[in-house]
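Chain and residue survey
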Amino acid sequence: GSYTVGRMLSEVKTNVSIPVFCMLRPRSGDFCYSSHEIASLKIDMKLLYDTGADGFVFGALKDDYTLDYNTCKIFIQCIERNIEWTFHRAFDFVQHPTSIHDTLNFVKRCWIFENSHYWWRPRCFIKS
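Source: prediction; values computed, not measured.

1. Here we look at the overall build of the chain
Helix and strand counts for the chain come out as four helices and five strands. The order of helices and strands in the chain, counted from the N terminus, is α-β-α-β-α-β-α-β-β. A separation of at least 24 residues holds for 62% of the contacts in the chain among residues at least 6 apart in sequence.

Structure follows, in structure tokens:
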């Protein structure tokens, strides 16, 4: 559970001097999450943030393999501090990968992890 993860993060942060990013993924399989899974991830995310996470690795897709913008926005807005985000390998399943860059432009600092490459994409938040 979350308590164990928080303790593990605390130990890691004590023993390394590099930024530590935490993966937000409730299970293996697809990247389409239920409302229960999203609620659980938000609880975990707040605990990890309070324990010292420097960033988060996440990704959410709809059943048609397009970006689940609303779920991604829920994750990002859950943490008020301006931290770094990495959109994980869910990117590899997206039908139109170039659309992700424009869609995620509301994230100030977002990396995209795809086939072992990182693309830096600094952006400013867009107010809706």
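Moving on, there is more to tell.
2. So, the packing of aromatic side chains
This structure, assessed with the given rule, holds three aromatic pairs. When the ring of phenylalanine 56 is compared with that of tryptophan 85, the centres are 5.5 Å apart and the planes differ by 35 degrees; the resulting orientation is tilted. Of the two residues, phenylalanine 56 is situated in strand β2 (residues 55-58) and tryptophan 85 in strand β3 (residues 84-87); the sequence distance between them amounts to 29 residues. Take phenylalanine 56 and tryptophan 85: they sit in the same class, and that class is buried. Judged by centre distance (6.3 Å) and plane angle (90 degrees), the rings of phenylalanine 58 and phenylalanine 75 are edge-to-face. With phenylalanine 58 in strand β2 and phenylalanine 75 in helix α3 (residues 69-78), the pair connects residues that are 17 residues apart, well separated along the chain. Judged by relative accessible area, phenylalanine 58 falls into the buried class, the value being 0%.

Cut-offs and rules
Residue numbers restart at each chain and count upward from 1, following the sequence in its written direction. Reporting in this predicted model follows two pLDDT cut-offs: at least 70 for local features of residues, and 80 or more for side-chain atom pairs to be given and counted; totals over whole chains, interfaces and linings ignore these cut-offs and use all residues. To obtain the side-chain values, all non-hydrogen atoms of the structure were included, while hydrogens and water were left out. Elements are defined by DSSP. Helices are runs of H or I of four residues or more, strands are runs of E of two residues or more, and each kind is numbered from the N terminus. What makes two residues a contact is simply this: any of their non-hydrogen atoms within 4.5 Å. Centres within 6.5 Å are what make two rings of Phe, Tyr or Trp a pair, Trp counting through its six-membered ring; a difference in plane orientation under 30 degrees is then read as stacked, over 60 as edge-to-face, and the rest as tilted. Working definition: with a 1.4 Å probe on protein chains only, accessible area under 20% of the residue-type maximum means buried, over 50% means exposed, and in between means partly exposed.

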